[in-house]
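# Commentary on secondary and tertiary structure
The residues making up each chain are set out below.
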Amino acid sequence: MINVRLAPGLRPLDDRELRRSVRAVVGTQDGVQHVYAEVGADGADLVLFVSASTQAAAHAAARRVVTRSLRVESLRGWVIRDFTND
């Protein structure tokens, strides 16, 4: 499980749109099993459940996916505020 805190971008979006934007860039090689998103007034929280051989590999895959998703038009201007893993 990887937790990501995003700072708001150029336009607001809802939980569903954020999940959809992240899932749109997930490939089979990423091992992402589930994406949870909750958008609030001051940003958004993402939780990615990633299947990988090690925790480090899961963390790296999640970072790649989130970084890739920030290139999607709907997430323009959003940035990673915090990236933690449990």
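The structure under discussion appears in the preceding block.
Since the model is a prediction, treat every value here as computed from it, not as a measurement.

Taken together, Met1, Tyr36 and Phe49 make up a surface patch of nonpolar side chains, about 270 Å² in accessible area. The topology assignment puts Phe49 in strand 3 (residues 43–50). We classify Phe49 as partly exposed; its relative accessible area is 33%.

We now examine the packing of aromatic side chains. Tallying each qualifying case throughout the model produces zero aromatic pairs. Against the face of Phe83 rests Arg63, its NZ or CZ located 4.1 Å from the ring centre.

Time to look at the environment of Val22. Here Val22 shows up in helix 1 (residues 15–23). Here Val22 falls in the buried class, since its relative accessible area comes to 0%. With 28 residues separating them along the chain, Val22 and Val50 place their C-alpha atoms 13 Å apart.

On to helix 2 (residues 55–69), then. Residues separated by three or four positions in an α-helix point in the same direction, a consequence of the helix having 3.6 residues per turn. Its 15 residues place the ends of helix 2 21 Å apart at the C-alpha level, agreeing with the 21 Å of an ideal helix rising 1.5 Å per residue. Looking at helix 2, one finds that the buried residues are Ala58, His59, Ala61, Ala62, Val65, Val66 and Ser69. Viewed along the axis of helix 2, the buried residues span an arc of 165°, placing them on a single side of the element.

Parameters at a glance
- Once a new chain begins, its residue numbering starts again from 1 and follows that chain's sequence as written.
- A pLDDT threshold of at least 70 governs which residues receive local features in this predicted model, and a stricter bar of 80 or more applies before side-chain atom pairs are shown or counted, although totals over entire chains, interfaces and linings include all residues.
- Think of the side-chain values as coming from all heavy atoms in the structure, minus any hydrogens and water.
- Candidates for patches are residues over 30% relative accessible area with no salt bridge; among them, like charges are joined within 9 Å and nonpolar side chains (Val, Leu, Ile, Met, Phe, Trp, Tyr) within 5 Å.
- The Shrake-Rupley method, run with a 1.4 Å probe, gives the accessible areas here. Residue values count only the displayed protein chains as cover.
- Salt bridge, as used here, is a side-chain nitrogen of Lys or Arg placed within 4 Å of a carboxyl oxygen of Asp or Glu.
- By definition, any uninterrupted DSSP run of H or I lasting at least four residues is a helix, any uninterrupted run of E lasting at least two residues is a strand, and each is numbered from the N terminus.
- Only protein chains enter the area calculation, which uses a 1.4 Å probe; residues under 20% of their type maximum are buried, those over 50% are exposed, and those in between are partly exposed.
- For Phe, Tyr and Trp, where Trp contributes only its six-membered ring, two rings pair if their centres lie within 6.5 Å, and the inter-plane angle classes them as stacked under 30 degrees, edge-to-face over 60, or tilted in between.
- Think of it as a cone above the ring: NZ of Lys or CZ of Arg counts as a charge over the ring if it is within 6 Å of the ring centre and within 35 degrees of the ring normal.
- A helix's residues, less one, multiplied by 1.5 Å, set its expected span.
- Along the arc lie the directions from the helix axis toward the C-beta atoms.

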